[in-house]
Amino acid sequence: MNQFISNSKIINVYRASAVLESVLDAALAPIGITTAQWGSLRIIYENPGCSGADISRIAFVSPQAATTMLQRLEQAKLITRRPPKRGRVLETYLTERGEELLREGDNIVDETEARFFSNFTPSELHDFNEYLLRSIANLDFNK
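Residues numbered from 1 in each chain as written. Predicted model: local features only at pLDDT ≥ 70, side-chain atom pairs only at ≥ 80, totals over all residues. Heavy atoms only, no water.

1. Some points on the side chain of Q37
Stage number 1. Here Q37 lies in helix 2 (residues 35-46).
Stage number 2. Here T34 takes part through its backbone nitrogen, which lies 2.8 Å from a polar atom of the side chain of Q37.
Stage number 3. If near-sequence neighbours (up to four positions away) are discounted, Q37 is found in contact with G32, M69 and L73. (Helix = DSSP H or I, 4+ residues; strand = E, 2+ residues; numbered from the N terminus. Polar contact = N/O pair within 3.5 Å; in protein donor to acceptor, adjacent residues only side chain to side chain. Contact = heavy atoms within 4.5 Å.)

2. Structural notes on the packing of helix 3 (residues 52-59) against helix 4 (residues 63-75)
Stage number 1. Between helix 3 and helix 4, the shortest axis-to-axis distance is 8 Å and the interhelical angle comes to 115°. Like other packed secondary-structure pairs, helix 3 and helix 4 cross with a definite hand, here right-handed. Contact residues: G52, I55 and S56 in helix 3; P63, A66 and L70 in helix 4.
Stage number 2. Looking at the contact of helix 3 with helix 4 residue by residue, the class counts come to four nonpolar, two polar and no charged. (Axes fitted to C-alpha atoms, helices over the stretch in contact; angles between N-to-C directions. Left-handed = near helix turned anticlockwise from the far one by under 90°. Nonpolar A, V, L, I, M, F, W, Y, C, P; charged D, E, K, R; others polar.)

3. Looking at a nonpolar patch on the surface
Stage number 1. A surface patch of nonpolar side chains, amounting to about 420 Å² of accessible area, comprises F60, F128, L132, L133 and I136.
Stage number 2. For L133, a relative accessible area of 46% translates into the label partly exposed. (Patch = residues over 30% accessible without salt bridge, like charges linked within 9 Å, V, L, I, M, F, W, Y side chains within 5 Å. Areas by Shrake-Rupley, 256 points an atom, 1.4 Å probe, with all protein chains shown as cover. Salt bridge = Lys/Arg side-chain N within 4 Å of Asp/Glu carboxyl O. Buried < 20%, exposed > 50% of the residue type's maximum accessible area, 1.4 Å probe, protein only.)

4. Some thoughts on the layout of surface pockets
Stage number 1. What the largest pocket holds in volume is close to 2,000 Å³.
Stage number 2. Together, 41 residues line the largest pocket, and V13, S17, L20, L132 and I136 are the ones closest to its centre.
Stage number 3. Contributing elements (two or more residues each) for the lining of the largest pocket: helix 1 (9-28), helix 2, helix 3, helix 4, helix 5 (96-116) and helix 6 (122-139).
Stage number 4. For the lining of the largest pocket, the residue count by class is 26 nonpolar, 10 polar and five charged. (1 Å grid on protein atoms, 1.4 Å probe; cavity = no way out; pocket = protein on both sides within 12 Å on 5 of 7 lines; lining within 4 Å. Points joined across faces, edges and corners; volume = space filled by probe spheres on them.)

5. Some thoughts on unusual backbone geometry
Stage number 1. The phi angle at F60 is positive, at roughly 60°, despite the residue not being glycine.
Stage number 2. The backbone of K77 shows a phi angle near 60°, a positive value even though the residue is not glycine.
Stage number 3. By secondary structure assignment, the location of K77 is in the loop between helix 4 and strand 1 (79-82).
Stage number 4. A relative accessible area of 59% places K77 in the exposed class.

In short, the description is geometric, and any link to function would need to be established separately.
Spelled out as structure tokens, the structure:
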């Protein structure tokens, strides 16, 4: 049954997220990264020097998951981690290759986003995004 329809908004948000991640994983596979890896690269790009703990909080993943992701990205030479001028927390930066892959991934994500929202008006897109942000804020335990 491919056309499951639910009146549960939570189930529909979950299904939309699962479908989107599946489509993005398939679209990003040819450049050798997953949706989660693209997301991590995007976070690092937007927050140069961030720590693993920062990434964990921003991405809503466990510190262990963030550490594992950072290790994989570092092994792939997409990021570099170095000690800060003060303190002990490693700072994370994209390598040149990481920036290139992020740009390629951004193009793929932009195309997928355009498909995902292709039957929305600009006003609906604006409202939808506002509704999502408000919903996230209602449950955001990082506040």
